[in-house]
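Chains, contacts and geometry: an overview
Chain residues, written in single-letter form:
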Amino acid sequence: MRSTGHRQLSFAFADSPQGSGEGGTPDVSGGRAFLLHTAKPKKTARTVAGTADTSRLLEEVASAANLAQALLKVIRNQGAPGVDGQTVEEAQQQAAPLIAALRHGLLTGRYRPGDVRQVWLPKPGGGQRGLGIPNVVDRVGQQAVLQVLEPIFEPTFHPSSHGFRPHRGAHTAIAQAKEHLTAGYQTVVDIDLSKFFDLVHHQRLLDRIAQRVSDRRLLAVVRHMLTAGVVMPDGTKIAVTEGTPQGGPLSPLLSNIVLDEWDRELQRRGHRFVRYADDCNIFVRSARAGQRVMASIRHFLERRLRLKVNEEKSGVRPPHEVHFLGFRFQCRWIGEGWETAVLLSAKAERRLRTTVREMTPPNWGRSLAACMKDLSRYLNGWVAHFRLCTAEAVRALQVVDAHIRRRLRAIIIR
């Protein structure tokens, strides 16, 4: 990546994009009413995405109804402002001119995404993860493209892919992994890709999209989105030549389009596998088979997809040593067949203890009720994710429960 100074299409609105002028309180209700009215598709309209013709998809992307639906989705997701400082509330206030300008830019080929604001977030296991925050108007553009491309690509994805897909997620991934283990495939080839989102090859991705999308204008829009400049926290501006920055609505779909080629290769070889984003578990019957699969898949990923395997996190492991989406597994023979228990991974348990410790400091300066309210909100979300744990996890959960009670008692005593 290198410093750049390419030109961008700027959108002009009647009000200040920072919302700090003399315009007074934003008319959010008026903007929302406009969006709700505009987002209603015409009953006689036939969406291009639902037809075999994909040569004029840009008209579908740039339709007023699609852009209004996209803006409503971006507003619902909230999120921080991008480089231009515009908030989702201000975008809602300026909905009509925003959609008109974006629609015109897309249809005339003049649309150029603004720079992406890079932030760094701490990883639970240490280190940092980069997150790219596009401007709100560019998030709307990405969401509009997503709403047209997803119906085309989603039905073609492999059923063993679970990340960032409608009606799929961590729970369906764990359920399928449990099925493979119970069937006797109890050596896990655990593959984690290194800096996947930073290494996606743009032309290879665009070629994959072009296999199903013949509208070259839309492909050009996606290319501009991929190559949008990145502004680092210190203000340095970087040109992007590879990768799909995490943080935009379109990035998850693009990652699945890239990795679907991996899924199809695993299917061609007859492997049982579960993939969630860039984390993939392949299930085989022996450690020897696992080492052979690891070597051949590493070669495929590096030579064919130009991706790198994270050697530190990847390996051939028994089920109880696997950390997959916060879970680990334990298999035992019960006379009539294998039984698979779903347990907390050691890393997930450590993370829970650390979070509880941070949320319940002994020198808590607020009321106990406030502490318990925040803690309950976090634990409800935690339980919603880990409810797949089987009865074998009860003992570990009882230890965690006792730890939480001790932390709360310490606050009361103080």
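Residues numbered from 1 in each chain as written. Predicted model: local features only at pLDDT ≥ 70, side-chain atom pairs only at ≥ 80, totals over all residues. Heavy atoms only, no water.

**With respect to the overall build of the chain**
So the rule is basically this: A run of H or I in DSSP counts as a helix once it spans at least four residues, and a run of E counts as a strand once it spans at least two, with each numbered from the N terminus. Residue contacts are counted whenever heavy atoms from the two residues lie within 4.5 Å of one another. Areas reported here follow the Shrake-Rupley algorithm with a probe of radius 1.4 Å; residue values treat only the protein chains shown as occluding.
In terms of regular secondary structure, the chain is built from 15 helices and 10 strands. Intrachain contacts of the chain at a sequence separation of at least 6 include 74% that bridge at least 24 residues. Looking at the chain as shown, the accessible area adds up to about 21,300 Å², and 51% of this sits on carbon and sulfur atoms.

**Remarks on the packing of aromatic side chains**
Quick reminder of the rule: Planes of paired rings set the category: under 30 degrees apart is stacked, over 60 is edge-to-face and the rest tilted, where pairs are Phe, Tyr or Trp rings (Trp by its six-membered ring) whose centres lie within 6.5 Å. Partly exposed residues are those whose accessible area sits between 20% and 50% of the maximum for their type, while under 20% is buried and over 50% is exposed, using a 1.4 Å probe and protein chains only.
Scanning the entire structure with this criterion turns up five aromatic pairs. Ring plane angle 70° and centroid distance 5.1 Å describe the contact between Phe-196 and Phe-197, whose orientation is recorded as edge-to-face. Phe-196 gets classed as buried once you look at its relative accessible area, which sits at 2%. Of the residues examined, Phe-197 reaches a relative accessible area of 12% and is grouped as buried.

**Regarding the pairing of strand S9 (residues 327–333)**
Remember that side chains alternate between the two faces of the sheet whenever the strand is regular. Convention followed: The pairing criterion is simple: DSSP has to find at least two bridges between the two strands.
As paired strands, S9 and strand S10 (residues 338–344) are joined by seven bridges and run antiparallel to one another. Looking across to S10, one finds that Arg-332 is bridged to Glu-339. Hairpin connection, S9 to S10: the antiparallel pair is bridged by four residues, and Gly-335 has positive phi, about 100°.

**Quick word on the sheet that holds strand S5 (residues 237–238)**
Reading across the sheet, the four strands line up as S2-S1-S4-S5 and stay open at both edges, with mixed pairing between neighbours. At either end of the open sheet lies a strand with only one pairing partner, and these are strand S2 (128–133) and S5. One ladder, built from two bridges, connects strand S4 (residues 230–231) with S5; its direction is antiparallel. Bridging across to S5, Val-231 finds its partner in Lys-237.

**Digging into helix H15 (residues 394–413)**
Condition: Under the convention used throughout, the expected extent of a helix is 1.5 Å for every residue step, that is, one less than its residue count. The arc in question is traced by the directions running from the helix axis to the C-beta atoms.
Compared with the 28 Å implied by 1.5 Å per residue over 20 residues, the 28 Å span of H15 between its first and last C-alpha is a close match. For H15, every residue scored as buried is listed here: Val-400, His-403, Ile-404, Arg-407, Leu-408 and Ile-411. One face of H15 carries all of its buried residues, which in axial projection span an arc of 130°. When the buried face of H15 is taken as reference, the exposed residues oriented beyond 90 degrees from it are Arg-395, Gln-398, Ile-412 and Ile-413. Of the surrounding secondary structure, the elements contacted by the buried residues of H15 are helix H13 (346–359) and helix H14 (368–386).

**What about the environment of Val-309?**
Relative to the helices and strands, Val-309 is located in the loop between helix H12 (287–303) and strand S8 (315–317). Overall, Val-309 belongs to the buried group, its relative accessible area being 7%. Placed 31 residues apart in sequence, Val-309 and Asp-278 show a C-alpha to C-alpha distance of 9.9 Å. When neighbours within four sequence positions are excluded, Val-309 is seen to be in contact with Ile-191, Asp-192, Ser-194, Arg-298, Leu-301, Glu-302 and Ser-314.

**Observations concerning a positive patch on the surface**
Cut-off, in case you're wondering: Each patch groups residues whose relative accessible area exceeds 30% and which form no salt bridge, using 9 Å between like charges and 5 Å between nonpolar side chains of Val, Leu, Ile, Met, Phe, Trp and Tyr. Salt bridge, as applied in this entry: a Lys or Arg side-chain nitrogen positioned within 4 Å of an Asp or Glu carboxyl oxygen. Charge convention: Lys and Arg are scored as positive, Asp and Glu as negative, and His as well as the terminal groups of each chain are ignored. In this description, the location of a charge corresponds to atom NZ of lysine, CZ of arginine, CG of aspartate or CD of glutamate.
Residues Lys-123, Arg-129, Lys-195, Lys-308, Lys-313, Lys-347, Arg-350 and Arg-351 make up a contiguous surface patch of positive charge. Here the positive patch takes three residues from H13, the largest share from any one element. Mapped onto the elements, Arg-129 comes out in strand S2.

**Topic: the packing of H13 against H14**
To describe two helices that pack against each other, one gives the angle between their axes and the distance between the axes. Threshold: Between N-to-C directions, angles span 0 to 180 degrees; the directions come from axes that are lines fitted to C-alpha atoms, helices contributing only their stretch in contact. Roughly parallel means an angle under 35 degrees; roughly antiparallel means over 145; roughly perpendicular covers 65 to 115; every other angle is labelled oblique. Definitions for this section: a left-handed crossing has its near helix turned counterclockwise from the far helix by less than a right angle. A right-handed crossing has that turn clockwise. Put simply, Ala, Val, Leu, Ile, Met, Phe, Trp, Tyr, Cys and Pro go in the nonpolar bin, Asp, Glu, Lys and Arg in the charged bin, and everything else, Gly too, in the polar bin.
Two numbers describe how H13 lies on H14: the axes approach to 10 Å, and their chain directions differ by 165°. The orientation of H13 relative to H14 falls into the category roughly antiparallel. Judged by the sense of rotation from one axis to the other, the crossing of H13 with H14 is right-handed. Across the interface between the two elements, Ala-348, Leu-352, Thr-355, Val-356 and Met-359 of H13 pack against Cys-371, Asp-374, Leu-375, Tyr-378, Leu-379, Trp-382 and Phe-386 of H14. When its residues are assigned to classes, the contact of H13 with H14 shows 10 nonpolar, one polar and one charged.

**Regarding the packing of helix H11 (residues 251–268) against H12**
At a closest axis distance of 11 Å, the pairing of H11 and H12 adopts a crossing angle of 145°. As for the relative orientation of H11 and H12, their crossing is right-handed in sense. From H11, Glu-261, Trp-262, Glu-265 and Leu-266 reach across to H12, where they touch Ile-297, Phe-300 and Leu-301. Residue composition of the contact of H11 with H12, by class: five nonpolar, no polar and two charged.

**Quick look at the sheet that holds strand S7 (residues 279–284)**
Taken in spatial order, the four strands make up an open sheet running S6-S7-S3-S8, and their pairing is antiparallel. With partners counted over all chains shown, the strands left at the sheet margins are strand S6 (272–276) and S8, one partner each. For this sheet, the mean inter-axis angle between neighbouring strands, taken without regard to orientation, is 20°. Sheet analysis places S6 next to S7, joined by five bridges and oriented antiparallel. Across the sheet, residue Val-274 finds its bridge partner in S7, namely Asn-281.

**Focus: the pattern of salt bridges**
In the structure shown here, the tally under the stated rule is 18 salt bridges. Taking the shortest distance from any N to any O, the salt bridge between Glu-265 and Arg-268 comes out at 2.7 Å. With Glu-265 and Arg-268 both in helix H11, this residue pair falls three residues apart, about one helical turn. For Glu-265, a relative accessible area of 11% translates into the label buried. Across the pair Asp-374 and Arg-377 runs a salt bridge whose closest N-O atoms are separated by 3.3 Å. In this pair, Asp-374 and Arg-377 are both assigned in helix H14, three residues apart and thus about one turn of the helix distant. Sharing partners across several salt bridges, the network here consists of Arg-56, Glu-59, Asp-215 and Arg-217.

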